[in-house]
Each structure stands twice: as C-alpha cells, then as structure tokens.
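Each chain, written out:
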Amino acid sequence: MNKLLTSMLAIFSALFSAHALQVETEIDGAPLIVFQPDSVSVEKAVLILPGGGYSHLAMQHEGTDWASWFNERGVAAAVFAYPMPDGDCTKPIGAVKKALDYVRSQYPAAKLGVMGSSAGGHLASTAATHLPAGERPAFQILFYPVISMDSTLTHPGSRRNLLGENPAEQTVTAYSNDTRVDASTPPAFIALSGDDKAVPPANSIRYYSALQSLGIPASLHVYPTGGHGWGFRPKFKYHNQMLNELERWLETL
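First, a word on scope: everything that follows refers to the structure included in this document. (Residues numbered from 1 in each chain as written. Predicted model: local features only at pLDDT ≥ 70, side-chain atom pairs only at ≥ 80, totals over all residues. Heavy atoms only, no water.)

## Things to note about the packing of helix H3 (residues 91–106) against helix H4 (residues 119–130)
Turning to step 1, where the next piece is worked out: The geometry of H3 relative to H4 is characterised by a closest axis approach of 10 Å and an angle of 65° between their N-to-C directions. If you check the angle between H3 and H4, you find them roughly perpendicular. Relative to H4, H3 is oriented so that their crossing is right-handed. Across from Pro 92, Ile 93, Val 96 and Leu 100 in H3, the residues of H4 making contact are Leu 123, Thr 126 and Ala 127.
Turning to step 2, where the next piece is worked out: Looking at the contact of H3 with H4 residue by residue, the class counts come to six nonpolar, one polar and no charged. (Axes fitted to C-alpha atoms, helices over the stretch in contact; angles between N-to-C directions. Helix = DSSP H or I, 4+ residues; strand = E, 2+ residues; numbered from the N terminus. Parallel < 35°, antiparallel > 145°, perpendicular 65-115°, else oblique. Left-handed = near helix turned anticlockwise from the far one by under 90°. Contact = heavy atoms within 4.5 Å. Nonpolar A, V, L, I, M, F, W, Y, C, P; charged D, E, K, R; others polar.)

Below, the structure is given as structure tokens:
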C-alpha cells in the first residue's frame, strides 16, 4: 500500500472513528471505506462518490458525513475516493465499476445504488448509463450533478480535467450522459438548487427529461436557494426537507 493511500486511510479513520468502520480497502490504489449498519440483513447499499471537479474530492460533506444517516436507515454506505483521470477519461469509471463489484460481493442480496455530488454526480450517472446493463447500479442519487460535457452547459473545470483541453466532439457526446440514457438506466433521485452558479441546473433538467422520455422513474427536487456544494451540511436551508424527501424515495425502491 503506497504512502498516500496509507495516510488517507489513517486520516479517515481518525476523523470518522465515531462510525462503525467495517472495511477499509483499496480499488486501483484508491481508498474505499464501507460503513456497515447495525442491521443483520442489509437490503440496500450505496456507493458514494464525492465531488471535486475531477481534480480533488470533497470527502467529508459529500462523502463520509452521509454514512451515519444511511446506516441508521439500514443502508450500507461505501465511500470511494476514486482516482482522478490524469489524462485518461476511462480511469474513474473503470475504478467505479470495480468498486461496485466489490460492494456487490459484500452484500449480494442488497439493491446496490450509486450516489454522487457535482462531478461525482457525473461519475455516478456515467455508471448508470455507460456500464453494461447487468453491471449498472440499481438506483442513482445525484446532487447538483454535472451531466453534460457540452461547453455551453457543463462545468468547465470538470470537462477539462476529465476530457482534456480540446476533446473530440464524439468524446464530448459520449460523456454527456443525458444522451446515454436508455431502457437499462436505473431510477433516479436528483436534487439541486435553482440558484446554482457553478453547475447550471439545466444539467439536471436535461437528465430528468431524458429519463422521463423513456418512462424511467425519476424524482427531481429543485430548491429555491442554496447554491452549489451543500452536501450533508445542516446549514443548507432545505437540509431537513431534502433528507425527508430522499428517505421517502428510498422507501419506494
């Protein structure tokens, strides 16, 4: 295990020792931490992908802070510090596929979903639309996600860090996940703020519309204010409302 991975795992363990850490492992050299609920039988699990523009990761408020909330509802939560592209746009999704396989092996009877925020939402929606039908997550939870790589709509930093400075139009289309929705795309919960200046709300609306056009269950929640990047932070004005809506949606799965 390399020094960076060792130090990251040590930091996570120290910061989040209040959680019941079940498993600390690595996928393609990136830390994966699985938080186990007290439930004897786990019916749902979720792979959590924090945001960070494909350049860094907001591991706490978009990652580990969610673990207790999910665990209290009997859901296993696996937080993945997925690798950055570093010039290879297939690197993050390749690692996410392996992480999904790993979590699935730990909870073979559970419905396994994926959750992502911002650029992590792009990666989550990539898993929901790019992976072979039998390997996709069973559900997706997206917070203020980057969906499109269209230069008129995307988050510029996420596009640049994932696809490079001058990507081919074919690549841009391939990673604009609203164009990749098909009959095998799983149900979605999408939440964002209408005043988000970092990632245009049109990203979420396009994805929601694409899901609706194929009859795929999707729940879209647009809060009046809050901007971008609120994650699990209680200071977000609609924090409790968002959690209540998410909990009700999870119960429908």
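## Points about the pairing of strand E4 (residues 75–80)
Turning to step 1, where the next piece is worked out: The buried count for E4 comes to six of six residues, which makes it a mostly enclosed element.
Turning to step 2, where the next piece is worked out: Sheet topology note: the strand E2 (residues 30–35)/E4 ladder contains four bridges and is antiparallel. Bridging from a neighbouring strand, Leu 32 pairs with Phe 80 of E4.
Turning to step 3, where the next piece is worked out: Summarising the sheet, strand E3 (residues 44–49) and E4 pair through five bridges and their orientation is parallel. (Buried < 20%, exposed > 50% of the residue type's maximum accessible area, 1.4 Å probe, protein only. Pairing = 2+ DSSP bridges.)

## Focus on the side chain of Thr 126
Turning to step 1, where the next piece is worked out: Looking at the element boundaries, Thr 126 is found in helix H4.
Turning to step 2, where the next piece is worked out: Here Thr 126 falls in the buried class, since its relative accessible area comes to 2%.
Turning to step 3, where the next piece is worked out: At a separation of 2.7 Å, a polar atom in the side chain of Thr 126 contacts the main-chain carbonyl oxygen of His 122.
Turning to step 4, where the next piece is worked out: Once you skip the residues sitting within four places of it in the chain, Thr 126 turns out to touch Ile 93, Leu 131, Tyr 175 and Asn 177. (Polar contact = N/O pair within 3.5 Å; in protein donor to acceptor, adjacent residues only side chain to side chain.)

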